[in-house]
Amino acid sequence: MLHLRVIVPGGRTDLVCELLAGHHGVTNMVVLPGAARQPEGDVVMADVAREAANEIIEELQRLGIDRDGSIAMERVDLSLSDAAETAEREAPGHGTDAVVWEELDRRTAEDARLTWSFVAFLALSMQLAAIAALIDSPILIVGAMVLGPEFGTVAAISYGILVADARRIGAAARTLAVGFLIAMVITFVCALVSKWIGVIQLDELPSSRPLTGFVYKPDRWSFIVAILAGAAGVLSLTADKSSALVGAFISVTTVPAAGNIAVAVALRHWHEVSGSFLQLGVNLAGMVIAGVVTLLVQKALWGFVRKRGTRTSTG
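Keep in mind that this is a model prediction, so the values were computed, not measured.

**Digging into the side chain of threonine 27**
And step 1. Checked against the element boundaries, threonine 27 lands in strand E2 (residues 26–37).
And step 2. Given the relative accessible area of 11%, threonine 27 is considered buried.

Put into structure tokens, the structure is as follows:
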């Protein structure tokens, strides 16, 4: 269930209450007349089945509540109510499969922005990837994959392509490019300094890396894994199963490839640079393609579920 809080200005409270009361996926409605101060208005609260959220938000937006008042939703972790169970049962589809498109829109808009925390996590994960390249450690490669924050930006590009939002695509692509460039430069400088002070006692990367050599040797499996990881990551974002998102990170080698580029350039091991760039490109392209396709399938399937639910309700 989701908890809905609406601030209704301008005498439209009766319309909002009528809208909510007439929907099978809404229950536990509460009205607080004149409770809101900024903006001023009545406060209407209700519990909404996740699978009904899109319809409710769309109807409230048609009433102009998002412009003059406020619409907020948050997840309810525990709801002990027969009425809530009935609302979930009567709403079309299943809550875990439902995509709240406004929520995804806001989340990808946030992920498209270049922030210090994004760059910091990216730089730290590349440091792990660089060390993994030096000592041929698959455990550190996995750590770099998990710590890397880039998937949210990739998802923002996929969503931007879905809704044909060139500004979002550009912002996310710029965040990805600038973030990777800064993190790679930091990793390159750290590798040089480490070599100068004797922490790195290698003239170039090890010639034989049986455990981490895949980072700079892309093949058909690299693209297949990126496709699968991209689909899993988008499903984790849209189906509200964030715990599965960590598993998606472990499947891709974007950050390890970028970290390998930085340390390979610092040690002048040019043989691995081109292969790492190709691995990076293959992974990013695979995830973006998978993200767009997954969102298209979800949009089509959920549209079918809504139409079917409407027919059933009308019947």
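**Structural notes on the packing of helix H9 (residues 166–196) against helix H12 (residues 254–266)**
And step 1. Viewed as axis vectors pointing N to C, H9 and H12 meet at an angle of 45°, and their least axial separation amounts to 8 Å. With respect to their mutual orientation, H9 and H12 come out oblique. By crossing handedness, the relation of H9 to H12 is classed as right-handed. When H9 is examined against H12, the residues Phe180, Met184, Thr187, Phe188, Ala191 and Leu192 are found in contact with a partner set consisting of Thr254, Ala258, Gly259, Ile261, Ala262, Val263, Val265 and Ala266.

**Details of the packing of aromatic side chains**
And step 1. Going through the model one piece at a time under the given rule, you end up with zero aromatic pairs.
And step 2. Positioned above the aromatic ring of tryptophan 101, the side-chain terminus of lysine 299 is 4.5 Å from the ring centre.

**Quick notes on the side chain of threonine 187**
And step 1. With respect to the helices, strands and loops of the structure, threonine 187 is situated in helix H9.
And step 2. Among the residues examined, threonine 187 registers a relative accessible area of 2% and is labelled buried.
And step 3. Setting aside chain neighbours within four positions, we find threonine 187 in contact with Ala123, Met126, Gln127, Ala130, Gly259 and Ala262.

**A look at the pattern of salt bridges**
And step 1. Summed over all chains, the structure comprises 10 salt bridges.
And step 2. Taking the shortest distance from any N to any O, the salt bridge between arginine 50 and glutamate 103 comes out at 3.4 Å. In this pair, arginine 50 is assigned in the loop between strand E3 (40–48) and helix H2 (53–62) and glutamate 103 in helix H5 (residues 101–111), connecting sequence segments 53 residues apart.
And step 3. Because the salt bridges share partners, they merge into one network encompassing Glu102, Asp105, Arg106, Asp165 and Arg168.

**Examining the nonpolar core**
And step 1. Of all hydrophobic cores here, the largest spans 55 residues; its most connected members are Met126 and Val263.
And step 2. For this core, the secondary structure elements donating two or more residues are H5, helix H6 (116–135), helix H7 (138–147), helix H8 (151–162), H9, helix H10 (220–238), H12 and helix H13 (271–314).
And step 3. Setting aside residues no more than four positions away along its own chain, methionine 126 makes contact with Phe180, Ala183, Met184, Thr187, Val255, Ala258 and Gly259.
And step 4. Counting residues in each nonpolar core, the second largest holds 19 residues, with Cys17, Val48, Ala52 and Leu60 among its members.

The rules behind the values
- Residues numbered from 1 in each chain as written.
- Predicted model: local features only at pLDDT ≥ 70, side-chain atom pairs only at ≥ 80, totals over all residues.
- Heavy atoms only, no water.
- Helix = DSSP H or I, 4+ residues; strand = E, 2+ residues; numbered from the N terminus.
- Buried < 20%, exposed > 50% of the residue type's maximum accessible area, 1.4 Å probe, protein only.
- Axes fitted to C-alpha atoms, helices over the stretch in contact; angles between N-to-C directions.
- Parallel < 35°, antiparallel > 145°, perpendicular 65-115°, else oblique.
- Left-handed = near helix turned anticlockwise from the far one by under 90°.
- Contact = heavy atoms within 4.5 Å.
- Phe/Tyr/Trp six-rings, centres within 6.5 Å; stacked < 30°, edge-to-face > 60°.
- Lys NZ or Arg CZ within 6 Å of the ring centre and 35° of its normal.
- Salt bridge = Lys/Arg side-chain N within 4 Å of Asp/Glu carboxyl O.
- Core = buried A, V, L, I, M, F, W, Y, C linked by side-chain atoms within 4.5 Å.

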